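What the coordinates show
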Amino acid sequence: MSVFTPLQRDELEAFLAPYRLGRLRDFQGITAGSENSNFFVSLEQGEYVLTLIERGPTQDLPFFIELLERLHRAGLPVPYALHSEDGKALRELAGKPALLQPRLAGRHVIEPNPHHCAEVGRLLARLHLATREQILERASDRGLDWMQEQGPSLALNLPEDQLPLLRDGLAEIAELRPKLVALPRANLHADLFRDNVLFEGTHLTGVIDFYNACSGPMLYDLAIAVNDWCSHPNGEIDPERSEPLLAAYSALRRFTPAEAELWQPMLRVACVRFWLSRLIAAQHFEGTPDVQVKDPGEFHRLLVARQQPASVLPFAF
Ligand SMILES: Nc1ncnc2c1ncn2[C@@H]1O[C@H](COP(=O)(O)OP(=O)(O)OP(=O)(O)O)[C@@H](O)[C@H]1O
Ligand SMILES: N[C@@H](CCO)C(=O)O
């Protein structure tokens, strides 16, 4: 279970009182998640999720709050920070920045089918369309510069046979950087994995965990999503899932020729990003009880598979 900061009932009750949502019925730490501490909180007036922010610069929290507020107003199924009676959305609990959000319905889908993938494509297009005219600027703290900074030292601990792949991935990012940053931009979720989306049947009911959200090239969000939602266990892309995802997206926002040209490299950039962050997480938390560590090897496999042309962006229709 990934609860880095355990809570006592009385400190939680004191924290919740100013929301005026009734008495605390129950609360429990959430087992999923690997970055922040999350709790399901049952109050007399409903079900909520409490998040204690465990990493990242706290000066960025107003960005997340404003982005989610805007997406909520645009009708997207996202959590948003509730305000306490004195008007505060961002508060503090156990020495950590803390947010209380409505609990969204639905469950994570581990084995998505083409319908789930089409829903994810539509959701991403709606997110980009809702923000691209008036982008809330925030550079990712795990962006291209971060990859170039972290990559070489993380490479030192890699098995010999994995080194060239990472080195080539970083060289490609350095070479393509000017083209990548010139692609059409919007606000991005930047972490749209299966464990950040909720479904009831094939209906998408929630998108959570916006703590990697940033401004950047929209194509990057698609690459992240396709890598996670549409890959076979051997790392290869499954066109039965990637094509509906990309088609549903492009029905709402057409891809540009520049995006089509950079699609394969962008899939690789997204592999490098999560390969590196998982290597860091494994270094810090491997063997730590109750902390979920995701396999860095998964993104090694995906990056191997992405050396061959993997999927085509439907920019022509
Ligand atoms: N608003 C919400 N409504 C319903 N469930 C939620 C909500 N927020 C979080 N959860 C549940 O809590 C789990 C962990 O949340 P989250 O993914 O935000 O954790 P994290 O540690 O910040 O992220 P991650 O490891 O995915 O980067 C989710 O998988 C989901 O089951
Ligand atoms: N979604 C990420 C973890 C949070 O950034 C991963 O699967 O590595």
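Residues numbered from 1 in each chain as written. Chains lettered and ligands numbered in written order. Predicted model: local features only at pLDDT ≥ 70, side-chain atom pairs only at ≥ 80, totals over all residues. Heavy atoms only, no water.

Here the focus is the environment of Gln150. Among the secondary structure elements, Gln150 is positioned in helix 4 (residues 144–155). Judged by relative accessible area, Gln150 falls into the partly exposed class, the value being 25%. Counting along the chain gives 31 residues from Gln150 to Val181, while the straight-line C-alpha distance between them is 19 Å. (Helix = DSSP H or I, 4+ residues; strand = E, 2+ residues; numbered from the N terminus. Buried < 20%, exposed > 50% of the residue type's maximum accessible area, 1.4 Å probe, protein only.)

Next up on the list: the pairing of strand 5 (residues 96–102). Look at any regular strand and the pattern is simple: side chains alternate between the two faces of the sheet. Here strand 5 lies mainly inside the structure; 6 of its 7 residues are buried. Pairing geometry for strand 3 (residues 46–52) and strand 5, over 5 bridges, is antiparallel. Considered in strand 5, the bridge of Leu50 is made with Leu100. Sheet topology note: the strand 4 (residues 91–93)/strand 5 ladder contains 3 bridges and is antiparallel. In the sheet register, Glu92 faces strand 5, and the bridge partner there is Pro97. Linkage of strand 4 to strand 5, two consecutive antiparallel strands, is achieved through a turn of 2 residues, within which Ala94 is found at a positive phi near 50 degrees. (Pairing = 2+ DSSP bridges.)

Residue Arg20 is not a glycine yet carries a positive backbone phi of 55 degrees. Structurally, Arg20 can be placed in the loop between helix 1 (9–16) and strand 1 (24–29). Owing to a relative accessible area of 57%, Arg20 belongs among the exposed residues under this scheme. Residue Ala94 is not a glycine yet carries a positive backbone phi of 50 degrees.

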